[in-house]
Amino acid sequence: MSPDEARLILKDQGFPLQPGDVSEAAIEGLPNSRHIASMATSSKLLGSISLHFSAPPTPSGVIRLDRSVQYNKEESGAPSEFNLLKALNDKFGEPMHRLDATYLSWIWTVDGKPAPISIRERCRNMSPSPTTFDPQVQKMVDEGCGVVLSVTYKAEGGVVTYVRQYMVDLAGAATASKATVQAAGEKTLDRANKQKPAL
């Protein structure tokens, strides 16, 4: 999802972006690399959401999403724990990993299949940078990690008081960060090759 697509979706979901909600960045050593790095906004009713995007030279896309909602169980709008779990199951299937009753995660391969059981715990703990290539993340992608979705929640008396959804596209982050680091390195080497040494 590009930043423009994300803007439209956030607006449709009730999160209109203000000027200070969008952060830009540039990659050192890479000309024309200014890009939207993240979007973060909040709403009293809908909670907070942040999106982090891949950097050039790859097309900008969401690699990390973090959304949290705090509910007042006395007010309308707070779902029951049963309804939250049913909605998650309906949308994503049975959780592939449970740390405890209130921490659930789903881990898929690059092609959308459930990740092998043997790597799920390691996939779940990855949090890659959009601009710094991490060989460990690439290793996990090579072993089968693609996308990880984690959901934590709190409930009191069967009523949900807090939900946090955290999604990371490990494969997208590994590909984008590798391309960014490689492009910046090539530009640096190209500039160095044009310099004459002072001997």
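See the structure shown above.
These lines cover the structure that appears in this document, whether it is placed above or below. Note that the coordinates shown come from a computational prediction; the quantities given were computed from them, not determined experimentally. (Residues numbered from 1 in each chain as written. Predicted model: local features only at pLDDT ≥ 70, side-chain atom pairs only at ≥ 80, totals over all residues. Heavy atoms only, no water.)

The pairing of strand S6 (residues 103–108) with strand S7 (residues 147–156) spans 6 bridges and is classified as antiparallel. Residue Ile107 lies in a different strand from S7, and its bridge partner there is Val148. The pairing of S7 with strand S8 (residues 159–169) spans 10 bridges and is classified as antiparallel. Residue pairing across strands places Leu149 opposite Met167, the latter belonging to S8. (Pairing = 2+ DSSP bridges. Helix = DSSP H or I, 4+ residues; strand = E, 2+ residues; numbered from the N terminus.)

This next bit is on the environment of Tyr166. Of note, Tyr166 is situated in strand S8. Separated by 72 residues in sequence, Tyr166 and Glu94 place their C-alpha atoms 17 Å apart.

Turning to helix H4 (residues 135–143), a few remarks are in order. Along H4, the residues that are buried comprise Val137, Gln138, Met140 and Val141. End-on view of H4: buried residues confined to an arc of 160 degrees, all on one side of the axis. Away from its buried face, by an angle of more than 90 degrees, H4 presents the exposed residues Pro135 and Asp142. Two residues or fewer past H4, Gly144 is found with a positive phi of approximately 130 degrees. (Buried < 20%, exposed > 50% of the residue type's maximum accessible area, 1.4 Å probe, protein only. Arc of directions from axis to C-beta.)

Another aspect to go through is the sheet that holds strand S3 (residues 47–53). Ordered in space as S1-S2-S3-S4-S8-S7-S6-S5, the 8 strands form an open sheet in which the pairing is antiparallel. Only two strands of the sheet have a single partner each, and these edge strands are strand S1 (22–25) and strand S5 (97–100). On average, each strand axis in the sheet is inclined to that of its neighbour by 10 degrees, with strand direction left out of account. Here 7 bridges tie strand S4 (residues 62–70) to S8, and the two strands are oriented antiparallel to one another. (Axes fitted to C-alpha atoms, helices over the stretch in contact; angles between N-to-C directions.)

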